Amino acid sequence: MVEPADRPSTAGQRLGAPESFGVSTLEPGLRPPAQPPGRQVSIRVQMLDDTQEVFQISQRSPGKVLFDLVCAHLNLTEGDYFGLEYQDQRKMTVWLDLLKPTLKQIRRPKNTILRFVVKFFPPDHTQLMEELTRYLFALQIKRDLACGRLICNDTSAALMVSHIIQSEIGDFDETQSWQHLLHNKYLPDQDAIRDKITDCHRKHVGQTPAESDYQLLEIARRLEMYGVRLHPAKDREGTKLSLAVAHTGVLVFQGYTKINAFNWSKIRKLSFKRKRFLIKLRADPAQNAHHDTLEFAMASRDCCKVFWKICVEYHAFFRLFEEPKPKPKPILFTRGSSFRFSGRTQKQIIDYVKDSELKKVPFERKHSKILSNSSMSPQSSSLRSQVPKESAMSVPLADQPDSARLGHPAESNGSEEPPPLTGPANGFQDIPAAPSSDPIQPRQNHHGTGSVMDQQLLNPGSPGSDDSPLGSPHVVVNGNGSVNGQGMGSTGALGPGQSPEGRQLSPLTSPLLTEAGYVRNDDDDDARRKKFPTDKAYFIAKELLTTERTYLKDLQVVTESFHSFVGKDEAFPDSVKNLISANYDPVYKFHQGFLKEVEQRLAQWEGRSNAHIKGDYQRIGDVLLKNIQGLRQLTVHLQKHSECLVDLERACRSSRKVETQCRDFEQQRVCYLPFNIFLLRPLHRLLHYKLILERLCKHYPPTHDDFRDCRAALADISEMVLQLQGAMMKMENFQKLLELKKDLTGIDDLAIRGREFIRLGCLSKLSGKGLQQRMFFLFSDSLVYTSRGMTPSNQFKVHGQLPLYGMTIRESEEEWGVPHSFTLFGQRQSVVVAASCGSEMERWVEDIRMAIDLAEQSSSPSTDLLSSGLTDNKPLEDSGAEQESEEELCGSRSSLERQGHRGNTTVHVCWHRNTSVSMVDFSVAVENQLSGNLLRKFKNSNGWQKLWVVFTNFSLFFYKSHQDDYPLASLPLLGYSVTVPSESENIHKDYVFKLHFKSHVYYFRSESEYTFERWMEVIRSATCSTSHSLMSTRKDLY
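Residues numbered from 1 in each chain as written. Predicted model: local features only at pLDDT ≥ 70, side-chain atom pairs only at ≥ 80, totals over all residues. Heavy atoms only, no water.

(A) Highlighting the overall build of the protein chain. Regarding its fold elements, the protein chain presents 29 helices and 32 strands. Evaluated residue by residue, the protein chain yields a buried proportion of 59% over its 1038 residues. A sequence separation of at least 24 residues applies to 70% of the contacts in the protein chain between residues at least 6 apart. Accessible area of the protein chain: about 42,600 Å², with a carbon and sulfur share of 50%. (Helix = DSSP H or I, 4+ residues; strand = E, 2+ residues; numbered from the N terminus. Buried < 20%, exposed > 50% of the residue type's maximum accessible area, 1.4 Å probe, protein only. Contact = heavy atoms within 4.5 Å. Areas by Shrake-Rupley, 256 points an atom, 1.4 Å probe, with all protein chains shown as cover.)

Written as structure tokens, this is what we have:
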């Protein structure tokens, strides 16, 4: 394979790994194909680490043989993401065709150097399963930065270079880092931002090379020029443009700015004719338009063909489920090019890696001074002292600009307007299995014009946008800079990311990380599910992991997003900013370490990584006990969180500018809930730990090894909850009053001492014009009724207030002839109202009677809620200004609302769904929060789409993956029903539940019986009121 005189052994063999021919990237599981007989020719290939290798191939062998030899030499499993490029005799950079003989493409092999580079850039680097693959991608990013191809701002550039340096020399040392930057060129204008780079490098202490690769790719994938290879062109007016191809489709750039994008689902045909490149779009049924054809002029026919070929390959790789089959050869004459994509598609790669138990082979990081072979087996790890320096025969080359290649930006097609979730998260679409739906196939017409015919797709929407801010820098990946878990320099006190034995924890990942955004057509994960633990304790621990990820993101809203939003304005009081930072930052940092430990334990429990590490890791109680004991040290900060909420409200009352700032922040996509709810999250999280530990103690027998730790942790957390429960209940009520105040207009001061919120919801009020829909708010001292105003903010306008002191209530269905009606007799007026159903009437009557008892027991007089210009005696009911048409109401009853505008608060949902919710329901919802991956399916679609789903505040929030900073859409569940699909619905899958409201139907599929039962439990808590069964609990509450 490699010339013996040049390179006697591979990097893996030098480390003591068994001889391996690698895995063929085209024929999974087979050795590289035998070469045809003939004279041997030497081909030089430049690797991504700038070394050169010489390979011997037969003069008649196709390009596939050479490519497989390179992948086998690297022991690279996911080789299909890469390709071999070279300059042909026309000085054009082209890709080596794997189906044609190599020497027919490379006329002068002695004078040609092929470059092994990344060819297909996936939208999400978590789809790369192997550490070696991520390392090679990181080298590609390093090269693109150095040659100026990856354009970005100075902050992003400095951050990426700091991760590269961390992977190469390790932790920051001022002298060493400065010298390293002087002798290595990572950016064309590196000197101007050298200080920024060193400042970023200081923050990466303890980060392993594998983690640095992951963080580098996390930043790079969000840049608009990530993976983009520009091809010069002109439009019909002669304007200079550039074309590029991505996983989403064809992109158009002007300079380095993307000005247009054509999604694959919108493209009917791609072709070229002489120097003209043609994009034929599908007709838009909504506009009744004909097919549009876009024309671009390129430098030559050869330029058109090179770009057309890479478009064909990108479409096949990211959109098809399997490699397209070759067309039969024509008998008499050919029609155009016979070019087709050769290799595995991305879906085939992911399936193959997941389904194959491949032994991880160690590899050597050429530029890294840190020993980073996390995949070593116990036998090979003992040989780590034998790792030699770089071979003398490796020929390093200076970084030089590569010729333009093709890639894709992480941003989705900006020219489409799909519903938020109709498109998948990673470029895959649900493809019908019908025989008539043929995959895309290249063909040519009589004029030699290459074309691409797309198929009809189920989900024509574009993928979700990846243009969110940088993701969490604390996600860890499979692989680290340690051997057998021994950390590099892990001395000193035991940190949150270390084990009790003093070893640095390996940054392992849960399968959730590597499968984010993957779309399944049917039952792709049935076989995968069998490989993971089935013990109920494992799924309870997994629930801890998924909810901890969401909790850390919520804390990030307070510690980072809010702080950066208000930090630039001098009007915001420093005392409030400092108070919030001083009491939330320590909690956030603590839970970062806690999350890493939980991820580590779950990965070891699953047995996917570090299988050579000895020990019983099928337990979680020891991790919980250790961290809950650490959490007790933060009680002083948790007790201050109520003070933060009160001080923030005081600042809003004293300054209109501060109030406007807080409202503006709540309109940010990252603040998907009222901001005050985020401030209470640390107190709520204590309840979640308590419930998880209760389930673990109930599951384990007393003799189980993990039972003692779980019981001790439960005792500690119960003590903390008891200590903070009083403040928690007061703050929940205070927060709810502040939230309602934003939805109401015509009230002077809602949040006063002693007032308790009890219930809100829709009732029909009987007046001279008949029954009119009104929104009622029940407090411990009064009952307020409102209607939705016509203001831009859709606030509810108060019509009147009924003091509860001295009020009586009587059912009056027979008296008025109105179903489910009852009369409220106050001291000054009486009101007849009707509920939507009998159960709603029972809840209201029950709560009002309890509130009357509370008001009569209270010694404080009733306080007037209304503004001075509004009195109970004024007959505002007959005012025509508040009337709403049925069209407006129906038009706004969207069951799946976009994030961005706050028309989906609980009050608005109750108004549109004609239901009610009580404070007890809110308290139960606080406990019943859940996160995790679910497969979702619409009523009339065939495929299942994987989403990260968060349930909180009576709503489901949908994300592409758990790393996203904000949800793509939300689904308020009040009024929905949750059931199991019937036989007639033909959902022949396990663990599926159905959500339906009127004509809206959604199916969701979970991974196990435990998770199915948990999702059913928490969703039922939102869709079924608990007030009837918790009457005594409510009385205790108030």
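Still to come is the rest of the account.
(B) Summary view of the nonpolar core. Grouped together as the largest cluster of nonpolar side chains are 126 residues, with contacts concentrated most on Leu696, Leu956 and Trp1015. If sequence neighbours within four positions are ignored, tryptophan 1015 has contacts with Leu930, Ser931, Gly932, Leu934, Val949, Phe951, Leu956, Phe993 and Ser1006. One finds Trp95, Ile141, Leu281 and Val353 within the second-largest nonpolar core, a separate group that totals 102 residues. (Core = buried A, V, L, I, M, F, W, Y, C linked by side-chain atoms within 4.5 Å.)

(C) Inspection of unusual backbone geometry at higher detail. Phi angles above zero are rare outside glycine, and aspartate 50 is one such case at about 75°. For aspartate 50, the location among the structural elements is in the loop between β1 (40–46) and β2 (52–58). The exposure class of aspartate 50 is buried, given its relative accessible area of 8%. The phi angle at asparagine 953 is positive, at roughly 55°, despite the residue not being glycine.

(D) Molecular detail of the packing of aromatic side chains. Under the counting rule described, the total for this entry stands at 36 aromatic pairs. On the basis of an interplanar angle of 70° and a centroid distance of 5.0 Å, the ring pair of tyrosine 538 and phenylalanine 539 is categorised as edge-to-face. Like phenylalanine 539, tyrosine 538 is buried. Considering the side-chain rings of phenylalanine 562 and phenylalanine 572, the 5.7 Å spacing of their centres and the 80° angle between planes classify their relative orientation as edge-to-face. Taken as a pair, phenylalanine 562 in helix α14 (residues 536–567) and phenylalanine 572 in the loop between α14 and α15 (574–606) lie far apart in primary sequence, 10 residues in all. We note that phenylalanine 562, like phenylalanine 572, is buried. (Phe/Tyr/Trp six-rings, centres within 6.5 Å; stacked < 30°, edge-to-face > 60°.)

(E) Focus on the sheet that holds strand β4 (residues 93–95). If you trace the five strands from one edge of the open sheet to the other, you get β2-β1-β5-β3-β4, paired in mixed fashion. Whereas interior strands pair on both sides, the edge strands pair on one side only; in this sheet they are β2 and β4. The sheet shows a mean angle of 40° between the axes of neighbouring strands, direction not considered. Across three bridges, the pairing between β1 and strand β5 (residues 113–118) is parallel. Following the sheet pairing, glutamine 46 is matched in β5 by arginine 115. On the sheet, helix α2 (residues 63–74) packs against β1, β2, β3 (82–87) and β5 and is oriented at approximately 135° with respect to β2. (Pairing = 2+ DSSP bridges. Axes fitted to C-alpha atoms, helices over the stretch in contact; angles between N-to-C directions.)

(F) Focus on helix α9 (residues 301–319). With 19 residues, α9 ought to run about 27 Å at 1.5 Å a step, and its terminal C-alpha atoms sit 27 Å apart, in line with that. Burial of α9 is extensive: 15 of the 19 residues sit out of reach of the surface. (Expected span 1.5 Å × (residues − 1).)

(G) Broad picture of the side chain of threonine 198. Its place among the elements puts threonine 198 in helix α7 (residues 194–202). Looking at threonine 198, the relative accessible area reads 8%, which means it is buried. Residues in contact with threonine 198, not counting those within four places in the same chain, are Phe172, Trp178 and Leu181.

(H) Main features of the packing of α14 against helix α19 (residues 656–666). Closest axis-to-axis distance for the α14/α19 pair is 11 Å, and the angle between their directions is 125°. With respect to their mutual orientation, α14 and α19 come out oblique. Crossing hand, α14 versus α19: right-handed. Across from Val557, Ser561, Phe562, Phe565 and Val566 in α14, the residues of α19 making contact are Gln661, Asp664 and Phe665. Among the residues forming the contact of α14 with α19, the class breakdown is five nonpolar, two polar and one charged. (Parallel < 35°, antiparallel > 145°, perpendicular 65-115°, else oblique. Left-handed = near helix turned anticlockwise from the far one by under 90°. Nonpolar A, V, L, I, M, F, W, Y, C, P; charged D, E, K, R; others polar.)

(I) Layout of the environment of phenylalanine 1004. Relative to the helices and strands, phenylalanine 1004 resides in strand β32 (residues 1000–1005). A sequence separation of 12 residues divides phenylalanine 1004 from valine 992, and the C-alpha atoms of the two residues are 5.5 Å apart. The contact partners of phenylalanine 1004, leaving out residues within four places of it in the chain, are Leu934, Leu935, Arg936, Trp944, Leu956, Phe958, Tyr991, Val992, Phe993 and Leu995.

(J) Spotlight on the pattern of salt bridges. Applying the stated criterion to the full structure yields 48 salt bridges. The residue glutamate 599 makes a salt bridge to arginine 549 at a minimum N-O spacing of 3.0 Å. Here arginine 549 lies in helix α14 and glutamate 599 lies in helix α15, a separation of 50 residues in the sequence. We classify glutamate 599 as buried; its relative accessible area is 3%. The class of arginine 549 is buried, set by a relative accessible area of 4%. The network of salt bridges with common partners includes Glu543, Arg695, Arg1014 and Glu1017. (Salt bridge = Lys/Arg side-chain N within 4 Å of Asp/Glu carboxyl O.)

(K) Representation of the pairing of strand β9 (residues 257–263) in the model. Two elements, strand β8 (residues 249–254) and β9, share six bridges in a ladder whose sense is antiparallel. What sits directly across from phenylalanine 253, in β9, is lysine 258. Between the end of β8 and the start of β9, which pair antiparallel, lie two residues, with glycine 255 showing a positive phi angle near 70°.

(L) Region of the structure containing the packing of helix α6 (residues 174–183) against α7. Where α6 meets α7, the axes come as close as 11 Å, and the angle between the chain directions of the two elements is 135°. With respect to α7, the axis of α6 lies oblique. The crossing of α6 and α7 is right-handed. Touching Glu174, Ser177, Trp178, Leu181 and Leu182 of α6 are Arg194, Asp195, Ile197, Thr198, His201 and Arg202, all from α7. When grouped by side-chain class, the residues that make up the contact of α6 with α7 number four nonpolar, three polar and four charged.

(M) Layout of α19. Those residues of α19 that sit buried are Val658, Gln661, Cys662, Phe665 and Glu666. Considered in projection along α19, the buried side chains sweep an arc of 135° and stay on one side of the axis. (Arc of directions from axis to C-beta.)

(N) Spotlight on the environment of valine 950. Of note, valine 950 is situated in strand β27 (residues 944–952). Valine 950 sits 20 residues away from serine 970 along the chain, and the two C-alpha atoms are 9.3 Å apart.

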